[in-house]
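These are the residues of each chain, in order.
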Protein chains: 2
Amino acid sequence: MSNVGVVGLGPMGMAVARSLLSAGFSVHAFDPRPPVLESFVAAGGKAAADPAAVASAVDIIVLVLANVEQVELVLFGPNGAAAALPVGAVVVVSAAVPPDYPETVSKRLAERDVLMLDAPMSGAGLRAAKGVLSIMASGPPAAFDEAAKVLEAIAEKVYRLGDEVGQGSRIKMINQLLVGIHIAAAAEAVALGIRIGCDPRAVYEAISHSAGNSVMFENRVPHILAGDYTSSLSVDTMVRDLGTALDAARRNTFPLPLTAAAHQQFVAAAAAGDGSAEDVAVIKVFQAQTGIRLPIR
Amino acid sequence: MSNVGVVGLGPMGMAVARSLLSAGFSVHAFDPRPPVLESFVAAGGKAAADPAAVASAVDIIVLVLANVEQVELVLFGPNGAAAALPVGAVVVVSAAVPPDYPETVSKRLAERDVLMLDAPMSGAGLRAAKGVLSIMASGPPAAFDEAAKVLEAIAEKVYRLGDEVGQGSRIKMINQLLVGIHIAAAAEAVALGIRIGCDPRAVYEAISHSAGNSVMFENRVPHILAGDYTSSLSVDTMVRDLGTALDAARRNTFPLPLTAAAHQQFVAAAAAGDGSAEDVAVIKVFQAQTGIRLPIR
């Protein structure tokens, strides 16, 4: 049984770790929340005391984390993984980070002769629960060769986006830009429909089979219809992800008019107190502005 | 063989008329362009001299037209269809019109004891060429009963959106609002990708299978990659359709921030001389603003 490490057992990380167990790997994991770690041990995994303990047991470590701060802490903080990894190890990093960040991490790891794949994952809230993910990965061919079986076990589809660390995060950022616009657009479309007297269920039924459909329209509008804003991705996540895209574009002096408009809608939703609600709760901005009646559970 | 009429033999109207021929109807058609009408006769259809001549031969007439002006002319202009239709006939109207317009037409037809279905079609440029359309229809049950076989012959799917004429056009308008936003968003996403050094083909490959996908992203981005802006729907169409949605929203004092941002992008593209180019040529706005290099044929 090959050893592999996972740090971060949120919904996505847990799905990753369980997929690796199913594929026959011996999986060493760390998460700062004891109950989460215990439930993973109950599923057949091995608990480690900290990221360094994971790193010292494996040649490949997968980080499924939220942001730059978490990546810094897990790799380079106290009892961090970087110093404990063997020479030639591969770090697979999945996190929502600015697209220039992976290159700096890669350089610091290279000083220790550790390779890195920039490998954000997609499918959270859609498919992660079923263990079906896609990975948008870039990095050196040697790292891909080394991690091939691990990636295969985790993801339904691995998009190999070039040898340069950073391409994965760039394309993931663009994916999130579209996710955010499409959610805000779905909210705008349904809200207008309600205002002009359409049955929102008819709007959903007709459009989800027509040219106006998007993955987000199809997935999120049923939550509006059910009055249920409790799924895992949040308004705050969209404020962050569209903000990341706007920041990157600004550094490149590049205008993003639709992204900016969508971002403002999510910021308005967060300002109204819905930051931790599901992303499509952005439709409540229209409720507050116009008095439309949304379906309620 | 049942008789049925079709007025308007553009790409969508021709697909409709041919589907009716295939289904065994005797199809009487009018189009002001003689060569178009001749090609329909060659396919087995019957040419009429004007809308009135079509109307006097049938109990059901399908209008596949572009806008209000055309509907007015075909129904109520010189040699128009309305006065020539028999009592109890059904007019199936597919056109891009403001959502309050169908009701006024319906009332004028009712004075002649003629029924109407508000039945915009979707799938142009995607599926019309293959004879596979969806229809977003509303109107009185008696009209649906009468036209059932005709609708079935035309469309893969008929969405029955209520008894009230106008619902079909309202939901079609909302569909077009999303189509326009999604095209402008696809252009914005690909343009940003080019600017920050992504391979646009990798952007397409990864995102078209991920949460950021939309029907428009999947359908239109290949045209950007091919540098081919010659498909049938145009920038001008989007200027019109998003404008229709903005007008309707304004009459209802309803804000549409993403629609407005997308509309401005199409207006900018039209201003630069690309009005008759394919809708996704809206990406050239970014080329002009930022100097990005778009793929060329």
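Up top you'll find the structure we're talking about.
Residues numbered from 1 in each chain as written. Chains lettered and ligands numbered in written order. Predicted model: local features only at pLDDT ≥ 70, side-chain atom pairs only at ≥ 80, totals over all residues. Heavy atoms only, no water.

Attention now goes to the environment of B:Ala15. Residues and elements named next belong to chain B. Counting through the fold element by element, Ala-15 comes out in helix α1 (residues 11–22). Take Ala-15: its relative accessible area is 11%, and that puts it in the buried class. In this structure the C-alpha to C-alpha distance between Ala-15 and Ala-249, which are 234 residues apart in sequence, comes to 32 Å. (Helix = DSSP H or I, 4+ residues; strand = E, 2+ residues; numbered from the N terminus. Buried < 20%, exposed > 50% of the residue type's maximum accessible area, 1.4 Å probe, protein only.)

The subject of this paragraph is the pairing of strand β4 (residues 60–64) of chain A. Residues and elements named next belong to chain A. The element β4 is largely enclosed, with a buried count of five among its five residues. Neither face of β4 is open: one carries Ile-60, Val-62 and Val-64, the other Ile-61 and Leu-63, and all of them are buried. Alignment of strand β1 (residues 3–7) against β4, held across three bridges, turns out to be parallel. Paired with Val-7 across the two strands is Leu-63, which belongs to β4. Following the backbone out of β4, through helix α4 (residues 68–76) and into the adjacent parallel strand β5 (residues 90–94), one traces a crossover that is right-handed. (Pairing = 2+ DSSP bridges. Right-handed = clockwise from strand over helix to strand, strands pointing away.)

All names here are of chain B. Mapped onto the secondary structure, Lys-172 falls in helix α7 (residues 167–195). Buried and unpaired, Lys-172 has Asp-241 as its nearest opposite-charge partner, separated by 6.3 Å. When sequence neighbours within four positions are dropped, the list of residues in contact with Lys-172 reads Pro-120, Met-121, Ser-122 and Met-136. (Lys, Arg positive; Asp, Glu negative; His and termini not counted. Salt bridge = Lys/Arg side-chain N within 4 Å of Asp/Glu carboxyl O. Contact = heavy atoms within 4.5 Å.)

When chain A is fitted onto chain B, the two copies agree to an RMSD of 0.0 Å after a turn of 180 degrees and an axial shift of 0.0 Å. Considering both components of the superposition, the chain copies are consistent with a two-fold axis. Residue A:Ser214, judged by its C-alpha, is the member of chain A lying nearest the rotation axis, at 1.9 Å. A shared interface surface links the copies, since 100% of the contact residues of chain A are contact residues in chain B too. (Least-squares fit on C-alpha atoms with pLDDT ≥ 70 in both.)

Here we take up the packing of aromatic side chains. Under the counting rule described, the total for this entry stands at four aromatic pairs over all chains. Ring geometry for A:Tyr204 and A:Phe217: centres 5.9 Å apart, planes at 20 degrees, overall stacked. Placement of A:Tyr204 in helix α8 (residues 200–207) and of A:Phe217 in helix α9 (residues 215–226) is noted, with a sequence separation of 13 residues between them. This pair shows no difference in class: A:Tyr204 is buried, exactly as A:Phe217 is. Relative to B:Phe254, the ring of A:Phe286 lies with its centre 5.5 Å away and its plane at 5 degrees, an arrangement referred to as stacked. Linking A:Phe286 in helix α12 (residues 284–290) with B:Phe254 in the loop between α10 (235–251) and α11 (257–274), this pair reaches from one chain into another. The same class applies to A:Phe286 as to B:Phe254, namely buried. A:Arg108 extends its terminal NZ or CZ atom over the ring of A:Phe76, reaching a point 3.9 Å from the ring centre. Here B:Arg160 stacks its cationic end above the ring of B:Phe144, 4.1 Å away from the centre of that ring. (Phe/Tyr/Trp six-rings, centres within 6.5 Å; stacked < 30°, edge-to-face > 60°. Lys NZ or Arg CZ within 6 Å of the ring centre and 35° of its normal.)

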